[in-house]
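So you can see what is in the structure, the chains are spelled out below.
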Amino acid sequence: MVAIRRHGGDERAARALFERFAAAHPCPAERLRRPALRLCRRRAGGTVYRAGAQLHRGAWRARAAGHAGTRTVGEGRVDGVLLADGARLRADVVVSALPPMALAPLLDRDRQRAAALPALDWFEPSPYICCYLWFDRDIKAERFTSHLWSPERLNYDFYELGQIRHGWAGRPSVIASNIIYSHRAAHMDDDAIVAATVRELAEFAPDAASAKLLHARVHRVPMAIPCPLVGFEERRPAQRTPLPGLVLAGDWTQTRMPCTMEGAVKSGFLAAEVVLADLGRPETLAIEARLYDGLAGVVRRVAAGRPRGCP
Ligand SMILES: Cc1cc2nc3c(=O)[nH]c(=O)nc-3n(C[C@H](O)[C@H](O)[C@H](O)COP(=O)(O)OP(=O)(O)OC[C@H]3O[C@@H](n4cnc5c(N)ncnc54)[C@H](O)[C@@H]3O)c2cc1C
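Summary of the structure given here. Everything numeric here is computed off the predicted structure, so don't read it as measured data.

Moving on, we get to the overall build of the chain. Looking only at helices and strands, one finds eleven helices and ten strands in the chain. In the chain, buried positions account for 37% of the 311 residues. The contacts in the chain between residues at least 6 apart in sequence include a share of 61% that link residues at least 24 apart.

Here it is as structure tokens:
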């Protein structure tokens, strides 16, 4: 929007463009999660477990107590993880699947971050507010609906969970929706958010306005994904880090995909490739991304023919 205005476009032109192209995150999680996990289990299970990995289920406590960290020996080699309960997991390779904001303070403890991964501080969380609404009847919403972009709206994507969750067909409507990059709603209390969400829902499922709302939940998620700001792509780190012994995974690492569940899965395959290569058993696990096809491909081809800085 700012760029359009800067180049002389008026408010109407900017809105028209965004309404057509900026349907926020039109990607129902429920449809993607299961196939992605199945694929992950099938492909990674055979490789990583064969290589002798162990699963430590208690590791999550590291975050709760905030004492976790990576451990370095010798000339800055990462050789394990410190857990919250003081336990040390020694490892030839540590694969971190933490988001950048969670990884940064852990590396700080060993003064590794500034030296090896300076971009960690650059990433900015995109917070979400997720609303769940239980109605007393079927409000006849579609399985998935996305509103067009508008500066006034809170929610874009809406899911009718009765048509998504197994065994929920025929139940009164249960709606999930997302307020993406939710700073504009941060000051609102839950009641105000629920009221706005019902209003926005009624724009495409009018029965929502007259149905009785039996129950509502508002979840405030501090970071759904790192913000895909300008400069994001060039700052995404490769899975192989400059720190010997530390390999990165996570949607925010360089996958040539947006920050998504599929991107996170791909980052895991790429991390496994680094580990296997260092073990002298190189293998290709990740599927290469199709780059710049469709509209993006046309724009890129046109842009490639122009000198830098040319409008
Ligand atoms: C509401 C919502 C809706 C979304 N919708 C979609 C969608 O429709 N489609 C899509 O593709 N993506 C969607 N996403 C984004 C998607 O969930 C992420 O891209 C994906 O989960 C990233 O995976 P990850 O493994 O990189 O990170 P995460 O899934 O965030 O995993 C990081 C893990 O690290 C753990 N952790 C953090 N700190 C520590 C610590 N110190 N010690 C131990 N553990 C720690 C966390 O608990 C977490 O389990 C959505 C996200 C949200 C929140």
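Picking up after the structure, the text goes on.
The strand order 6-7-8-5-9 describes an open sheet built from five strands, whose pairing is antiparallel. At either margin of the open sheet sits one strand with a lone partner, and together these are strand 6 (144–146) and strand 9 (213–226). When strand polarity is set aside, the average angle formed by the axes of neighbouring strands in this sheet is 15°. As paired strands, strand 6 and strand 7 (residues 157–160) are joined by three bridges and run antiparallel to one another. Across the sheet, Ser146 pairs through a bridge with Asp157, a residue of strand 7.

Okay, the side chain of Glu200 next. By the secondary structure assignment, Glu200 is in helix 7 (residues 190–202). The charged side chain of Glu200 is buried without a salt bridge, its nearest counter-charge being Arg153 at 5.6 Å. When neighbours within four sequence positions are excluded, Glu200 is seen to be in contact with His147, Glu152, Arg153, Leu154, Asn155 and Phe158.

For the structure on display, the rule yields seven salt bridges. Linking Arg90 and Asp79 is a salt bridge whose minimum nitrogen-to-oxygen distance equals 3.1 Å. Of the two residues, Arg90 sits in strand 3 (residues 88–90) while Asp79 sits in strand 2 (residues 77–82), which places them eleven residues apart along the sequence.

Turning our eyes to something else, we now look at the pairing of strand 5 (residues 125–135). When a strand is regular, its side chains alternate between the sheet's two faces. Within strand 5, eight of the eleven residues are buried, leaving the element largely enclosed by the surrounding structure. When strand 5 meets strand 9, the two strands line up antiparallel, connected through ten bridges. Residue pairing for strand 9: Leu133 is matched across the bridge by Ala216. With seven bridges joining them, strand 5 and strand 8 (residues 174–180) adopt antiparallel strand pairing. Bridge pairing in strand 8 links Ile129 to Ile179.

This part is about unusual backbone geometry. Positive phi values are uncommon outside glycine, yet Lys140 reaches one of about 60°. Secondary-structure assignment places Lys140 in the loop between strand 5 and strand 6. Judged by its relative accessible area of 61%, Lys140 falls in the exposed class. Non-glycine residue Arg256 carries a positive phi angle of around 60°. Relative to the helices and strands, Arg256 is located in the loop between strand 10 (246–248) and helix 10 (261–278).

Following the criterion strictly, the structure yields five aromatic pairs and no others. Ring centres of Phe158 and Phe204 lie 5.0 Å apart, and the angle between their planes is 70°; on these two criteria the pair is classed as edge-to-face. With Phe158 in strand 7 and Phe204 in the loop between helix 7 and helix 8 (207–210), this residue pair connects regions lying 46 residues apart in the sequence. Owing to a relative accessible area of 24%, Phe204 belongs among the partly exposed residues under this scheme.

Another point: the side chain of Asp157. With respect to the helices, strands and loops of the structure, Asp157 is situated in strand 7. As a buried residue without a salt bridge, Asp157 has its nearest oppositely charged side chain in Arg184, at a separation of 8.4 Å. Polar side-chain contacts of Asp157 include one of 2.6 Å to the side chain of Tyr159. Looking at Asp157, its side chain comes within polar contact range of the side chain of Asn178, at 3.0 Å.

On to a nonpolar patch on the surface. Residues Leu295, Val298, Val299 and Val302 make up a contiguous nonpolar surface patch of about 350 Å² in total accessible area. Following the sequence through the fold, Leu295 ends up in helix 11 (residues 294–304).

On to the environment of Arg184. Assignment of secondary structure puts Arg184 in the loop between strand 8 and helix 7. Look at Arg184 and you get partly exposed, because its relative accessible area is 29%. Residues Arg184 and Arg153, spaced 31 residues apart in sequence, show a C-alpha to C-alpha distance of 9.6 Å. At 2.9 Å, the side chain of Arg184 forms a polar contact with the backbone oxygen of Tyr181.

Criteria and cut-off values
Residues numbered from 1 in each chain as written. Predicted model: local features only at pLDDT ≥ 70, side-chain atom pairs only at ≥ 80, totals over all residues. Heavy atoms only, no water. Helix = DSSP H or I, 4+ residues; strand = E, 2+ residues; numbered from the N terminus. Buried < 20%, exposed > 50% of the residue type's maximum accessible area, 1.4 Å probe, protein only. Contact = heavy atoms within 4.5 Å. Pairing = 2+ DSSP bridges. Axes fitted to C-alpha atoms, helices over the stretch in contact; angles between N-to-C directions. Lys, Arg positive; Asp, Glu negative; His and termini not counted. Salt bridge = Lys/Arg side-chain N within 4 Å of Asp/Glu carboxyl O. Phe/Tyr/Trp six-rings, centres within 6.5 Å; stacked < 30°, edge-to-face > 60°. Polar contact = N/O pair within 3.5 Å; in protein donor to acceptor, adjacent residues only side chain to side chain. Patch = residues over 30% accessible without salt bridge, like charges linked within 9 Å, V, L, I, M, F, W, Y side chains within 5 Å. Areas by Shrake-Rupley, 256 points an atom, 1.4 Å probe, with all protein chains shown as cover.

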